[in-house]
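Observations on chain architecture
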There are 2 protein chains.
Amino acid sequence: MKNLPDKTVERLSQYRRSLNNQLTKGKTNIFSHELAHLLHITPVQVRRDIMLIGYSGTLRKGYDIKEMINLIGKIIDTDEGQRIAVIGMGNLGKAFIHYLHEKGSKLKIVASFDVNPDKTDKTYAGVHCYHFDRLAEIVKKEEINIGIITTPPEVVPQIADKLVEAGINGILNYTPKPLSVPDEVYLEEYDMITSLEKVAYFVKHRD
Amino acid sequence: MKNLPDKTVERLSQYRRSLNNQLTKGKTNIFSHELAHLLHITPVQVRRDIMLIGYSGTLRKGYDIKEMINLIGKIIDTDEGQRIAVIGMGNLGKAFIHYLHEKGSKLKIVASFDVNPDKTDKTYAGVHCYHFDRLAEIVKKEEINIGIITTPPEVVPQIADKLVEAGINGILNYTPKPLSVPDEVYLEEYDMITSLEKVAYFVKHRD
């Protein structure tokens with residue numbers, strides 16, 4: 001189960017989200033073509049992903065929704081959870097903290113960092129904000145292994161260097177500034193404008 | 001050029017972002033395998049996308065970065081831009097407004113909506129916040145055709161219904177609550193936790 005492709009992991013997360021939603025609607029089973037429709041992808045893609053995680057449904061009833069949610073959880077969650085830091089306590093940093101706090105996720109934001117004295121030494125939704133100078137110390141003390149970067153783009157490369165030095169294993173770069181990091185650090189980059197540009201394109205080209 | 005696949009449009013946006021970054025570093029040309037490496041995808045994928053938009057590089061020098069940025073702009077931007085509303089003026093809504101404001105994008109957020117009297121009738125980074133009751137009126141008056149939903153999950157379906165009724169053509173649902181909308185409305189859904197779960201998975205499975 002070690003070598004699932006990037007995109008499969010992304011879709012597993014999306015499947016779980018849709019499956020949970022179906023469950024709250026009282027559905028117990030779902031066919032691959034239904035799940036595909038919900039995610040705007042092909043049924044073949046769904047079946048391929050589900051096969052990769054070693055699950056199979058029945059022809060007559062499709063997949064068992066609860067079983068599949070549990071299985072996906074076993075694959076993408078960690079029992080002990082993950083300890084995360086947010087760097088940059090602007091609106092986006094706060095949105096992440098608020099989101100995970102509400103959700104009660106096993107992904108825990110345990111510290112945040114900023115350089116602005118109006119933000120440091122305060123606590124937001126239970127998460128303390130430290131001055132960025134204390135990054136290495138707090139990462140070690142709090143056993144943090146993932147950093148989410150939500151700072152202004154111009155400081156992103158320095159922030160990433162400090163995170164890598166501090167021994168972090170994964171970075172989510174949520175800024176428009178592309179990064180490069182050593183191979184042993186997993187980097188995921190997401191630019192908010194990409195989702196919006198996609199909508200804009202299809203709105204422009206609709207008939 | 002009307003029928004580019006969803007994922008190609010998404011990657012074009014990502015190519016442009018990386019190409020702009022290379023340009024600021026003084027690079028003028030780039031090979032498909034270099035661009036692929038920057039985006040963690042295969043060179044074949046890059047070449048297929050670039051072929052789809054009718055561009056080609058030279059064997060010796062690769063793609064001309066400036067030409068490619070311009071061409072992508074012609075495809076995914078609209079001359080007159082797009083007029084956008086944000087529904088939900090929490091941290092995430094503010095982050096979108098701030099981001100597009102800073103960027104000087106052709107995608108313009110021209111109005112925002114909330115139900116909280118502490119937020120309505122105020123202006124944030126030049127964007128006025130109206131009470132949600134005025135949605136239909138303002139969408140018409142401001143010629144808005146895209147809505148970004150950043151509200152709490154439980155109200156998302158009602159918000160989407162109102163947006164569709166008001167005549168909007170595209171929705172970016174930036175909440176954990178999956179939606180369904182009529183076929184004529186383009187829907188893009190993005191859940192912040194997906195990016196984070198991906199990082200967590202690969203951090204957990206690294207050796």
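Conventions and cut-offs
Residues numbered from 1 in each chain as written. Chains lettered and ligands numbered in written order. Predicted model: local features only at pLDDT ≥ 70, side-chain atom pairs only at ≥ 80, totals over all residues. Heavy atoms only, no water. Least-squares fit on C-alpha atoms with pLDDT ≥ 70 in both. Contact = heavy atoms within 4.5 Å. Core = buried A, V, L, I, M, F, W, Y, C linked by side-chain atoms within 4.5 Å. Buried < 20%, exposed > 50% of the residue type's maximum accessible area, 1.4 Å probe, protein only. Helix = DSSP H or I, 4+ residues; strand = E, 2+ residues; numbered from the N terminus. Pairing = 2+ DSSP bridges. Right-handed = clockwise from strand over helix to strand, strands pointing away. Arc of directions from axis to C-beta. Axes fitted to C-alpha atoms, helices over the stretch in contact; angles between N-to-C directions. Parallel < 35°, antiparallel > 145°, perpendicular 65-115°, else oblique. Left-handed = near helix turned anticlockwise from the far one by under 90°. Nonpolar A, V, L, I, M, F, W, Y, C, P; charged D, E, K, R; others polar. Buried area = accessible area lost by both parts, 1.4 Å probe. Salt bridge = Lys/Arg side-chain N within 4 Å of Asp/Glu carboxyl O. pLDDT = per-residue confidence, 0-100.

With that out of the way, let us pick up the relation of the copies chain B and chain A. For the pair chain B and chain A, the relating rotation is 180°, the translation along its axis is 0.0 Å, and the fit reaches an RMSD of 0.0 Å. Here the symmetry operator amounts to a two-fold rotation axis. The position closest to the rotation axis in chain B is occupied by the C-alpha of B:Asn91, lying 2.3 Å away. Mapped onto chain A, 100% of the interface residues of chain B are again interface residues, and the two copies thus contact each other with one and the same surface.

Moving on to the nonpolar core. Within the largest apolar cluster, 94 residues are counted, with the highest numbers of intra-cluster contacts made by A:Tyr174, A:Met192, B:Tyr174 and B:Met192. When neighbours within four sequence positions are excluded, A:Tyr174 is seen to be in contact with A:Leu92, A:Phe96, A:Ile149, A:Thr150, A:Tyr190, A:Met192, B:Tyr174, B:Tyr190 and B:Met192.

So, about the pairing of strand E3 (residues 82–87) of chain B. Residues and elements named next belong to chain B. By the criterion of burial, E3 is predominantly enclosed, with five of the six residues buried. The sheet contact formed by E3 and strand E4 (residues 107–114) spans six bridges and is parallel. Counterpart to Ala 85 in the pairing with E4 is Ala 111. In this fold, the crossover linking E3 to E4 by way of helix H5 (residues 91–103) has right-handed handedness.

Next up on the list: helix H7 (residues 156–165) of chain A. In an α-helix, one turn spans 3.6 residues, which is why side chains three or four residues apart end up on the same side. Residues and elements named next belong to chain A. Buried within H7 we find Val 156, Ile 159, Ala 160 and Leu 163. Taken around the axis of H7, the buried residues stretch over an arc of 100°, which confines them to a single face. Contacts made by the buried residues of H7 are with strand E3 (82–87), helix H6 (135–141), strand E7 (146–149) and strand E8 (170–173). The positive-phi residue at the C-terminal boundary of H7 is Gly 167, with phi of around 100°.

Our focus in this paragraph is the sheet that holds E7(A). All names here are of chain A. Taken in spatial order, the seven strands of this open sheet run E5-E6-E4-E3-E7-E8-E9, and their pairing is mixed. Looking at which strands have only one partner, the edges of the open sheet turn out to be strand E5 (122–124) and strand E9 (186–189). Each adjacent strand pair in this sheet contributes to an overall mean axis angle of 25°, direction not counted. Both E7 and E8 contribute to a ladder of four bridges, which runs parallel. In the strand pairing of E8, Ile 148 is matched with Leu 172. Lying on the sheet, H7 is in contact with E3, E7 and E8; it crosses E7 at an angle near 170°.

Two numbers describe a pair of packed helices, the interaxial angle and the distance between the axes. Direction vectors running N to C along helix H8 (residues 192–204) of chain A and helix H1 (residues 6–24) of chain B enclose 125°, while the axes themselves pass 9 Å from each other. Accordingly, the angle class assigned to the pair H8(A) and H1(B) is oblique. In terms of crossing hand, the pair formed by H8(A) and H1(B) is right-handed. Contacts from A:Thr194, A:Glu197, A:Lys198, A:Tyr201 and A:Phe202 in H8(A) reach B:Asp6, B:Lys7, B:Val9, B:Glu10, B:Ser13, B:Gln14 and B:Arg16 in H1(B). Its residues assigned to classes, the contact of H8(A) with H1(B) comprises three nonpolar, three polar and six charged.

The next subject is the interface of chain B and chain A. Every contact between the two is made by 70 residues of chain B and, on the other side, 70 residues of chain A. When chain B packs against chain A, close to 6,500 Å² is buried across both sides, 60% of that on carbon and sulfur atoms. On the chain B side of the interface with chain A, the three residues burying the most area are B:Arg17, B:Leu196 and B:Lys198, jointly 12% of the side's total. Along the contact surface separating chain B from chain A lie ten salt bridges. B:Lys198 serves as the salt-bridge partner of A:Asp6, at 4.0 Å between the closest nitrogen and oxygen. If you tally residues by element for the side of chain B that touches chain A, the top one is helix H8 (residues 192–204) of chain B, at 13 residues.

The subject of this paragraph is the confidence of the model for chain A. On average, residues of chain A score 92 in pLDDT, and 99% of them reach the 70 mark or higher. Across the predicted assembly, pTM comes out at 0.88 and ipTM at 0.89.

Another point: the pattern of salt bridges. Within this structure, the stated rule accounts for 22 salt bridges over all chains. In this structure, A:Glu142 engages A:Arg83 in a salt bridge whose closest nitrogen and oxygen atoms are separated by 2.8 Å. A residue pair is termed long-range when its members are at least 10 positions apart, and A:Glu142 in the loop between H6 and E7 and A:Arg83 in strand E3 qualify at 59 residues. With a relative accessible area of 31%, A:Arg83 lands in the partly exposed category. Where B:Asp77 meets B:Arg16, a salt bridge forms, and the shortest distance between an N and an O atom there is 2.8 Å. You can see B:Asp77 sitting in the loop between helix H4 (65–76) and E3 and its partner B:Arg16 sitting in helix H1, a full 61 residues away along the chain.

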